[in-house]
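Analysis of the macromolecular model
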Amino acid sequence: MKLFRKPGASWLVVFVVAVLILSVAGCSSTGGDNKAANETQKETADTTAKTAKYPEKPINYIVAFNPGGESDITARAQQKPLEKILGVDIVISYKIGGGGAVGWQELVNSKPDGYTVAGFNLPHIILQPMVREDAGYKTEQITPIYIFEATPNILAVRKDSEFKTLEDFVKYAKENPGAITIGGSGSYSANHLGTLEFNQIAGIETTYIPFSGSGEAVPALLGGHVTALMTYTTMGIKHSDEMRVLAVAAEERVPALPDVPTFKELGYDYVEGAYRGMAGPPGLPEDIIKILAEANRKVNQNSAFREKLEGMGFKLVDLGPEESKKLIAEKTEYYRKILKELGLIK
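The structure displayed is predicted, hence computed values, not measured ones. (Residues numbered from 1 in each chain as written. Predicted model: local features only at pLDDT ≥ 70, side-chain atom pairs only at ≥ 80, totals over all residues. Heavy atoms only, no water.)

**Here's the deal with helix α5 (residues 166–175)**
Residues of α5 that are buried: Leu166, Phe169, Val170 and Ala173. Down the axis of α5, the buried side of the element spans an arc of 90 degrees, and every buried residue falls inside it. Exposed and oriented more than 90 degrees from the buried face of α5 are Glu167 and Glu175. Buried residues in α5 make contact with β4 (143–158), β5 (181–185), α6 (190–202), β7 (228–232) and β8 (243–248). (Buried < 20%, exposed > 50% of the residue type's maximum accessible area, 1.4 Å probe, protein only. Helix = DSSP H or I, 4+ residues; strand = E, 2+ residues; numbered from the N terminus. Arc of directions from axis to C-beta. Contact = heavy atoms within 4.5 Å.)

Structure, rendered in C-alpha coordinates:
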(Lines give C-alpha, C1' and ligand atoms only; values in the text may rest on other atoms or scores of the structure.)
Protein backbone atom coordinates (compact mmCIF):
# COMPACT_ATOMS: atom_id res chain seq x y z
CA MET A 1 0.00 0.00 0.00
CA LYS A 2 1.36 3.40 -1.02
CA LEU A 3 0.98 6.32 1.40
CA PHE A 4 1.80 8.98 -1.16
CA ARG A 5 0.58 9.20 -4.68
CA LYS A 6 3.16 9.82 -7.39
CA PRO A 7 3.01 13.52 -8.45
CA GLY A 8 1.33 13.95 -11.74
CA ALA A 9 0.89 16.88 -14.11
CA SER A 10 -2.02 18.33 -12.06
CA TRP A 11 0.17 18.59 -8.94
CA LEU A 12 2.82 20.36 -10.95
CA VAL A 13 0.31 23.02 -12.05
CA VAL A 14 -0.80 23.59 -8.44
CA PHE A 15 2.82 23.99 -7.36
CA VAL A 16 3.60 26.56 -10.06
CA VAL A 17 0.47 28.61 -9.23
CA ALA A 18 1.34 28.64 -5.51
CA VAL A 19 4.85 29.93 -6.24
CA LEU A 20 3.41 32.71 -8.38
CA ILE A 21 0.94 33.75 -5.65
CA LEU A 22 3.66 33.87 -3.02
CA SER A 23 5.88 35.91 -5.33
CA VAL A 24 3.12 38.44 -5.95
CA ALA A 25 2.38 38.64 -2.20
CA GLY A 26 6.05 39.18 -1.49
CA CYS A 27 6.24 41.90 -4.07
CA SER A 28 3.14 43.49 -2.57
CA SER A 29 4.66 43.44 0.97
CA THR A 30 7.90 44.96 -0.26
CA GLY A 31 5.91 47.60 -2.04
CA GLY A 32 4.09 48.43 1.24
CA ASP A 33 7.35 48.72 3.12
CA ASN A 34 8.73 50.97 0.44
CA LYS A 35 5.62 53.12 0.58
CA ALA A 36 5.89 53.49 4.39
CA ALA A 37 9.57 54.31 4.11
CA ASN A 38 8.85 56.89 1.45
CA GLU A 39 6.17 58.48 3.63
CA THR A 40 8.56 58.60 6.61
CA GLN A 41 11.25 60.16 4.44
CA LYS A 42 8.74 62.69 3.18
CA GLU A 43 7.62 63.57 6.73
CA THR A 44 11.26 63.94 7.82
CA ALA A 45 11.97 66.11 4.81
CA ASP A 46 8.90 68.23 5.54
CA THR A 47 9.93 68.66 9.19
CA THR A 48 13.47 69.52 8.17
CA ALA A 49 12.19 72.00 5.64
CA LYS A 50 9.91 73.61 8.24
CA THR A 51 12.74 73.76 10.79
CA ALA A 52 15.04 75.22 8.17
CA LYS A 53 12.54 78.05 7.72
CA TYR A 54 11.80 78.45 11.46
CA PRO A 55 10.67 80.90 12.58
CA GLU A 56 8.57 82.37 9.82
CA LYS A 57 5.64 83.85 11.76
CA PRO A 58 5.05 85.53 15.17
CA ILE A 59 5.85 83.55 18.32
CA ASN A 60 3.37 83.58 21.21
CA TYR A 61 5.24 84.13 24.51
CA ILE A 62 3.03 83.24 27.49
CA VAL A 63 3.61 85.10 30.77
CA ALA A 64 2.02 83.18 33.65
CA PHE A 65 1.89 86.09 36.10
CA ASN A 66 0.36 89.53 36.03
CA PRO A 67 2.02 92.62 34.52
CA GLY A 68 4.65 94.35 36.63
CA GLY A 69 6.14 91.19 38.18
CA GLU A 70 9.53 89.65 37.50
CA SER A 71 8.30 87.26 34.78
CA ASP A 72 6.65 90.14 32.93
CA ILE A 73 9.61 92.49 33.37
CA THR A 74 12.01 89.88 31.97
CA ALA A 75 9.80 88.93 29.03
CA ARG A 76 9.29 92.59 28.11
CA ALA A 77 13.04 93.21 28.30
CA GLN A 78 13.71 90.19 26.07
CA GLN A 79 11.00 91.02 23.54
CA LYS A 80 12.82 93.45 21.23
CA PRO A 81 16.22 91.69 21.31
CA LEU A 82 14.53 88.35 20.53
CA GLU A 83 12.62 89.92 17.65
CA LYS A 84 15.86 91.29 16.22
CA ILE A 85 17.64 87.93 16.51
CA LEU A 86 14.77 85.71 15.29
CA GLY A 87 13.36 88.12 12.69
CA VAL A 88 9.72 87.70 13.74
CA ASP A 89 7.38 89.37 16.20
CA ILE A 90 7.30 88.11 19.81
CA VAL A 91 3.73 88.46 21.04
CA ILE A 92 3.42 88.49 24.83
CA SER A 93 0.16 87.12 26.22
CA TYR A 94 -0.93 86.75 29.84
CA LYS A 95 -2.42 83.52 31.23
CA ILE A 96 -2.70 84.29 34.92
CA GLY A 97 -3.80 82.16 37.86
CA GLY A 98 -2.91 79.24 40.09
CA GLY A 99 0.53 80.63 40.90
CA GLY A 100 1.46 80.23 37.22
CA ALA A 101 -0.33 76.91 36.71
CA VAL A 102 -2.91 78.36 34.30
CA GLY A 103 -0.19 79.52 31.91
CA TRP A 104 1.81 76.30 32.13
CA GLN A 105 -1.30 74.21 31.50
CA GLU A 106 -1.89 76.30 28.39
CA LEU A 107 1.73 75.69 27.33
CA VAL A 108 1.71 71.88 27.67
CA ASN A 109 -1.52 71.67 25.67
CA SER A 110 -0.20 73.77 22.80
CA LYS A 111 1.13 72.48 19.47
CA PRO A 112 4.88 71.71 19.63
CA ASP A 113 5.76 73.74 16.55
CA GLY A 114 7.87 76.43 18.21
CA TYR A 115 5.24 79.13 17.90
CA THR A 116 4.09 78.92 21.53
CA VAL A 117 6.58 79.28 24.37
CA ALA A 118 6.24 80.41 27.98
CA GLY A 119 8.29 81.79 30.78
CA PHE A 120 8.70 79.19 33.51
CA ASN A 121 9.78 79.46 37.14
CA LEU A 122 11.61 77.22 39.57
CA PRO A 123 10.61 76.01 42.10
CA HIS A 124 6.98 76.59 41.02
CA ILE A 125 6.86 73.99 38.22
CA ILE A 126 8.34 71.43 40.62
CA LEU A 127 6.31 72.20 43.75
CA GLN A 128 2.83 72.53 42.26
CA PRO A 129 2.64 69.04 40.65
CA MET A 130 4.17 67.57 43.82
CA VAL A 131 1.63 69.08 46.19
CA ARG A 132 -1.55 69.51 44.16
CA GLU A 133 -3.68 66.56 43.17
CA ASP A 134 -4.08 68.02 39.69
CA ALA A 135 -1.86 70.99 38.90
CA GLY A 136 -3.03 70.97 35.27
CA TYR A 137 0.43 69.97 34.07
CA LYS A 138 3.35 67.75 35.03
CA THR A 139 6.89 68.99 35.54
CA GLU A 140 8.22 66.62 32.87
CA GLN A 141 5.74 67.98 30.30
CA ILE A 142 7.48 71.34 30.33
CA THR A 143 10.40 71.34 27.89
CA PRO A 144 13.11 73.69 29.19
CA ILE A 145 14.79 75.77 26.49
CA TYR A 146 16.94 78.15 28.52
CA ILE A 147 17.21 79.46 32.10
CA PHE A 148 18.31 83.07 31.88
CA GLU A 149 17.96 84.74 35.30
CA ALA A 150 17.42 84.29 39.02
CA THR A 151 16.30 86.40 41.97
CA PRO A 152 16.79 85.68 45.69
CA ASN A 153 13.90 86.09 48.12
CA ILE A 154 13.81 89.08 50.43
CA LEU A 155 11.71 89.81 53.52
CA ALA A 156 10.41 93.38 53.30
CA VAL A 157 8.10 95.62 55.29
CA ARG A 158 6.76 99.11 54.72
CA LYS A 159 9.14 101.98 55.28
CA ASP A 160 7.03 103.17 58.24
CA SER A 161 6.82 99.69 59.82
CA GLU A 162 7.62 99.20 63.49
CA PHE A 163 10.01 96.45 62.44
CA LYS A 164 13.39 98.07 61.94
CA THR A 165 15.39 94.82 61.90
CA LEU A 166 14.86 91.12 61.34
CA GLU A 167 15.33 90.63 65.07
CA ASP A 168 12.35 92.95 65.75
CA PHE A 169 10.27 90.96 63.28
CA VAL A 170 11.11 87.54 64.72
CA LYS A 171 10.64 88.74 68.32
CA TYR A 172 7.15 90.03 67.58
CA ALA A 173 6.23 86.87 65.65
CA LYS A 174 7.28 84.69 68.59
CA GLU A 175 5.26 86.78 71.03
CA ASN A 176 2.21 86.88 68.72
CA PRO A 177 1.92 83.53 66.88
CA GLY A 178 -0.10 83.80 63.65
CA ALA A 179 -0.58 87.58 63.92
CA ILE A 180 1.85 88.49 61.15
CA THR A 181 0.69 88.11 57.55
CA ILE A 182 3.26 87.69 54.80
CA GLY A 183 2.21 88.26 51.19
CA GLY A 184 3.95 86.79 48.18
CA SER A 185 3.66 85.77 44.54
CA GLY A 186 1.53 82.66 44.12
CA SER A 187 1.01 79.42 45.99
CA TYR A 188 3.73 76.77 46.12
CA SER A 189 6.13 79.29 44.67
CA ALA A 190 9.55 80.46 45.84
CA ASN A 191 7.86 83.09 48.04
CA HIS A 192 5.38 80.61 49.54
CA LEU A 193 7.93 77.89 50.20
CA GLY A 194 10.37 80.52 51.44
CA THR A 195 7.87 81.71 54.03
CA LEU A 196 7.28 78.15 55.25
CA GLU A 197 11.02 77.48 55.38
CA PHE A 198 11.74 80.65 57.33
CA ASN A 199 8.89 79.95 59.76
CA GLN A 200 10.47 76.59 60.51
CA ILE A 201 14.04 77.88 60.78
CA ALA A 202 13.11 80.86 62.98
CA GLY A 203 10.61 78.91 65.08
CA ILE A 204 7.76 81.33 64.32
CA GLU A 205 4.22 81.12 63.01
CA THR A 206 3.10 83.55 60.29
CA THR A 207 0.26 83.45 57.77
CA TYR A 208 1.11 83.42 54.07
CA ILE A 209 -1.22 85.33 51.70
CA PRO A 210 -0.78 84.43 47.98
CA PHE A 211 -1.23 87.02 45.24
CA SER A 212 -1.30 86.48 41.48
CA GLY A 213 2.18 87.95 41.12
CA SER A 214 4.64 90.45 42.58
CA GLY A 215 2.83 93.18 40.68
CA GLU A 216 -0.25 92.57 42.85
CA ALA A 217 1.55 91.73 46.10
CA VAL A 218 3.47 95.02 46.35
CA PRO A 219 0.35 97.28 46.38
CA ALA A 220 -1.10 94.97 49.06
CA LEU A 221 1.89 95.69 51.30
CA LEU A 222 1.95 99.41 50.59
CA GLY A 223 -1.80 99.58 51.19
CA GLY A 224 -1.41 97.93 54.60
CA HIS A 225 -3.26 94.73 53.69
CA VAL A 226 -0.37 92.47 54.78
CA THR A 227 2.34 92.97 57.41
CA ALA A 228 5.29 92.00 55.21
CA LEU A 229 6.24 90.52 51.85
CA MET A 230 8.36 87.53 51.00
CA THR A 231 9.23 88.86 47.58
CA TYR A 232 12.28 89.23 45.34
CA THR A 233 15.31 91.51 45.25
CA THR A 234 13.85 93.24 42.19
CA MET A 235 10.87 94.54 44.16
CA GLY A 236 13.10 95.68 47.02
CA ILE A 237 15.14 97.78 44.61
CA LYS A 238 12.21 99.07 42.58
CA HIS A 239 10.33 100.18 45.70
CA SER A 240 13.28 101.18 47.88
CA ASP A 241 11.59 104.46 48.79
CA GLU A 242 8.54 102.64 50.12
CA MET A 243 9.93 99.38 51.52
CA ARG A 244 12.47 98.37 54.15
CA VAL A 245 14.26 95.16 53.25
CA LEU A 246 15.10 93.25 56.44
CA ALA A 247 17.21 90.47 54.90
CA VAL A 248 18.12 88.73 51.64
CA ALA A 249 17.87 84.93 51.25
CA ALA A 250 21.14 84.58 49.36
CA GLU A 251 24.53 83.07 50.12
CA GLU A 252 26.07 86.55 49.98
CA ARG A 253 24.93 90.15 49.80
CA VAL A 254 23.37 91.34 46.54
CA PRO A 255 25.35 94.14 44.83
CA ALA A 256 22.20 96.18 44.19
CA LEU A 257 21.32 96.00 47.94
CA PRO A 258 24.77 96.35 49.54
CA ASP A 259 23.49 97.50 52.93
CA VAL A 260 21.01 94.66 53.40
CA PRO A 261 22.34 91.63 55.36
CA THR A 262 21.68 88.06 54.34
CA PHE A 263 19.62 85.79 56.58
CA LYS A 264 22.78 83.74 57.07
CA GLU A 265 24.65 86.74 58.44
CA LEU A 266 21.87 87.14 60.99
CA GLY A 267 22.02 83.51 62.09
CA TYR A 268 19.33 81.90 59.92
CA ASP A 269 20.46 79.24 57.44
CA TYR A 270 17.90 80.28 54.87
CA VAL A 271 18.64 80.64 51.14
CA GLU A 272 15.74 80.62 48.66
CA GLY A 273 14.59 82.28 45.47
CA ALA A 274 13.41 81.74 41.91
CA TYR A 275 15.01 80.77 38.61
CA ARG A 276 13.25 81.86 35.43
CA GLY A 277 13.56 80.65 31.88
CA MET A 278 11.81 79.94 28.58
CA ALA A 279 10.08 76.60 27.92
CA GLY A 280 8.12 74.86 25.21
CA PRO A 281 5.45 72.16 25.15
CA PRO A 282 6.25 68.43 25.22
CA GLY A 283 7.52 67.10 21.90
CA LEU A 284 9.20 70.33 20.82
CA PRO A 285 11.73 69.36 18.10
CA GLU A 286 15.41 69.52 19.08
CA ASP A 287 16.26 71.79 16.14
CA ILE A 288 13.76 74.39 17.31
CA ILE A 289 14.95 74.10 20.93
CA LYS A 290 18.50 74.85 19.74
CA ILE A 291 17.39 77.90 17.74
CA LEU A 292 15.45 79.37 20.67
CA ALA A 293 18.17 78.53 23.21
CA GLU A 294 20.78 80.26 21.07
CA ALA A 295 18.52 83.30 20.75
CA ASN A 296 18.14 83.46 24.55
CA ARG A 297 21.91 83.13 25.00
CA LYS A 298 22.53 86.01 22.60
CA VAL A 299 20.03 88.21 24.45
CA ASN A 300 21.85 87.54 27.74
CA GLN A 301 25.12 88.59 26.06
CA ASN A 302 23.62 91.91 24.99
CA SER A 303 25.40 94.49 27.18
CA ALA A 304 22.44 96.88 27.30
CA PHE A 305 20.14 94.03 28.35
CA ARG A 306 22.57 92.86 31.04
CA GLU A 307 23.01 96.34 32.43
CA LYS A 308 19.25 96.89 32.55
CA LEU A 309 18.41 93.57 34.24
CA GLU A 310 21.30 93.60 36.73
CA GLY A 311 20.47 97.15 37.71
CA MET A 312 16.99 95.94 38.59
CA GLY A 313 18.31 93.19 40.87
CA PHE A 314 18.21 90.19 38.51
CA LYS A 315 21.16 87.83 38.43
CA LEU A 316 21.68 86.67 34.85
CA VAL A 317 22.44 82.98 34.41
CA ASP A 318 23.07 80.95 31.26
CA LEU A 319 21.77 77.40 31.37
CA GLY A 320 21.06 75.71 28.04
CA PRO A 321 18.49 72.93 27.53
CA GLU A 322 20.52 70.09 29.04
CA GLU A 323 21.86 72.19 31.93
CA SER A 324 18.32 73.33 32.67
CA LYS A 325 17.08 69.73 32.75
CA LYS A 326 19.88 68.83 35.14
CA LEU A 327 19.06 71.73 37.47
CA ILE A 328 15.36 70.78 37.47
CA ALA A 329 16.26 67.18 38.37
CA GLU A 330 18.53 68.32 41.21
CA LYS A 331 15.97 70.77 42.54
CA THR A 332 13.23 68.16 42.37
CA GLU A 333 15.08 65.95 44.85
CA TYR A 334 15.96 68.95 47.03
CA TYR A 335 12.35 70.21 47.23
CA ARG A 336 10.92 66.74 47.75
CA LYS A 337 13.04 66.50 50.90
CA ILE A 338 11.94 69.95 52.12
CA LEU A 339 8.26 69.29 51.48
CA LYS A 340 8.52 66.05 53.46
CA GLU A 341 10.18 67.91 56.34
CA LEU A 342 7.38 70.49 56.25
CA GLY A 343 4.79 67.71 56.25
CA LEU A 344 3.30 68.79 52.90
CA ILE A 345 3.92 65.44 51.20
CA LYS A 346 4.57 61.92 52.47
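**Side note on the packing of helix α2 (residues 70–86) against helix α10 (residues 303–311)**
Relative orientation of the contacting elements α2 and α10 amounts to 165 degrees, with a least axis distance of 11 Å. Relative to α10, the element α2 is oriented roughly antiparallel. Between α2 and α10 the crossing geometry is right-handed. Counted together, Thr74, Ala77 and Gln78 of α2 and Phe305, Lys308 and Leu309 of α10 form the full contact between these two elements. Taken together, the residues of the contact of α2 with α10 break down into three nonpolar, two polar and one charged. (Axes fitted to C-alpha atoms, helices over the stretch in contact; angles between N-to-C directions. Parallel < 35°, antiparallel > 145°, perpendicular 65-115°, else oblique. Left-handed = near helix turned anticlockwise from the far one by under 90°. Nonpolar A, V, L, I, M, F, W, Y, C, P; charged D, E, K, R; others polar.)

**Quick notes on the confidence of the model for the chain**
On average, residues of the chain score 88 in pLDDT, and 85% of them reach the 70 mark or higher. Across residues 1–31 the pLDDT falls below 50, and counting only partners more than four positions away or on other chains, this stretch makes one contact in the model. (pLDDT = per-residue confidence, 0-100.)

**A word on the pairing of strand β6 (residues 207–211)**
Here five bridges tie β5 to β6, and the two strands are oriented parallel to one another. Bridging across to β6, Thr181 finds its partner in Thr207. Each parallel crossover has a hand, and the one from β5 via α6 to β6 is right-handed. (Pairing = 2+ DSSP bridges. Right-handed = clockwise from strand over helix to strand, strands pointing away.)

**So, the pattern of salt bridges**
Enumeration according to the criterion identifies 13 salt bridges in this entry. Here Arg76 makes a salt bridge to Asp72, at a shortest N to O gap of 3.6 Å. With a gap of four residues between them, Arg76 and Asp72 both fall in helix α2, about one helical turn apart. Owing to a relative accessible area of 8%, Asp72 belongs among the buried residues under this scheme. With a closest N to O distance of 2.8 Å, Glu333 and Arg336 form a salt bridge. With Glu333 and Arg336 both in helix α11 (residues 321–341), this residue pair falls three residues apart, about one helical turn. Judged by its relative accessible area of 31%, Arg336 falls in the partly exposed class. One network of salt bridges, in which partners are shared, links Glu251, Lys264 and Asp269. (Salt bridge = Lys/Arg side-chain N within 4 Å of Asp/Glu carboxyl O.)

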